[in-house]
Amino acid sequence: MAMASSLFFSTPIPTKLISKQKPFSSHSSNPLFPQLTHKPTRNLVVSSTAAIEAETQTSNSNSTPSKSLPFRVGHGFDLHRLEPGYPLIIGGISIPHDRGCEAHSDGDVLLHCVVDAILGALGLPDIGQIFPDTDPKWKGAPSSVFMEEAVRLMHEAGYELGNLDATLILQRPKVSPHKESIRANLCKLLGADPSVVNLKAKTHERVDSLGENRSIAAHTVVLLMKK
């Protein structure tokens with residue numbers, strides 16, 4: 001802005017034109033124009049420039065998000081293809097079925113979803129970036145390993161689980177007989193009281209790959225609270 005001012009006033013302004021200007025009486029109450037009746041125009045432009053720069057700096061500082069929030073919300077989603085010859089593991093629990101999730105790790109759709117929700121709430125990269133399926137060390141790895149890391153990052157950031165709500169979407173098998181075992185294991189991995197961990201299961205009404213028993217999906221929402 002300083003460069004613009006110097007270029008603007010490189011050509012002298014005739015004194016007669018300045019003297020013919022009307023007083024700025026209408027702006028006398030404005031702090032940017034304090035009683036400028038016959039003062040040089042250069043002072044006016046410089047004062048306005050300084051005020052604009054100060055206002056911009058204040059606006060920028062106000063728009064910077066707080067790094068320490070009282071709570072954070074995260075959403076997770078995951079989907080896996082179901083294929084014969086693989087175990088079906090949900091929430092760390094092995095479920096009897098004629099097919100399971102084809103994946104680089106154990107394909108636990110629920111735990112992957114919970115991990116993504118926690119990472120999302122913390123503003124961190126997703127599970128695929130932190131535990132890439134191109135890394136051989138995660139081949140066949142139990143998803144509890146990913147959960148442990150997500151929980152560690154949560155506590156390291158100064159947060160604890162407020163509550164979790166998860167929804168499984170699959171046509172078969174029925175989840176009801178295994179729901180409490182899955183929820184109990186989730187609570188154990190999260191170090192959370194059962195009262196703050198909720199698990200629901202839905203079919204997809206025989207629609208698309210989920211309804212045709214060719215895939216399984218999950219949605220999770222978590223609330224993290226500052227310790």
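Everything numeric in this text was worked out from a predicted model, so none of it was measured.

Student: Can you help me understand the side chain of D116 in this one?
Tutor: Here D116 shows up in helix 4 (residues 109-121). For D116, which is buried and forms no salt bridge, the nearest opposite charge comes from R72, at a distance of 14 Å.

Student: What is the right way to read the pairing of strand 7 (residues 215-226) from this model?
Tutor: On a regular strand, one side chain projects to one face of the sheet and the next to the other, so that they alternate. In this sheet, strand 7 lies alongside strand 1 (residues 71-83) in antiparallel orientation, the contact comprising eleven bridges. Across the sheet, H75 pairs through a bridge with V221, a residue of strand 7.

Student: What is the right way to look at the nonpolar core in this model?
Tutor: Soluble, globular proteins show a tendency: their nonpolar side chains are buried together. Counting residues in hydrophobic clusters, the biggest one holds 45 residues, and the most contacted among them are I90, L110, L168 and L190. When residues of this core are traced back to their parent elements, those giving at least two are strand 2 (88-90), helix 4, helix 6 (144-156), strand 5 (159-169), helix 7 (179-190), strand 6 (197-202) and strand 7. At ten residues, helix 4 tops the list of elements feeding residues into this core. In this structure, L190 is in contact with V114, I118, M147, V151, L161, L164 and V197, ignoring residues within four places of it in sequence.

Student: Teacher, can you tell me more about the sheet that holds strand 5 here?
Tutor: The strands that make up a sheet pair up through hydrogen bonds in the backbone, lying either parallel or antiparallel. Read across the sheet, five strands follow the order 4-1-7-5-6 without closing on themselves; strand pairing throughout is mixed. The two strands at the open ends of the sheet, each matched to only one other strand, are strand 4 (100-101) and strand 6. Here helix 4 sits on the sheet in contact with strand 1, strand 5, strand 6 and strand 7, set at roughly 150 degrees to strand 1. Helix 7 contacts strand 5 and strand 6 of the sheet and is inclined by roughly 140 degrees relative to strand 6.

Rules used in this analysis
- Residues numbered from 1 in each chain as written.
- Predicted model: local features only at pLDDT ≥ 70, side-chain atom pairs only at ≥ 80, totals over all residues.
- Heavy atoms only, no water.
- Helix = DSSP H or I, 4+ residues; strand = E, 2+ residues; numbered from the N terminus.
- Buried < 20%, exposed > 50% of the residue type's maximum accessible area, 1.4 Å probe, protein only.
- Lys, Arg positive; Asp, Glu negative; His and termini not counted.
- Salt bridge = Lys/Arg side-chain N within 4 Å of Asp/Glu carboxyl O.
- Pairing = 2+ DSSP bridges.
- Core = buried A, V, L, I, M, F, W, Y, C linked by side-chain atoms within 4.5 Å.
- Contact = heavy atoms within 4.5 Å.
- Axes fitted to C-alpha atoms, helices over the stretch in contact; angles between N-to-C directions.

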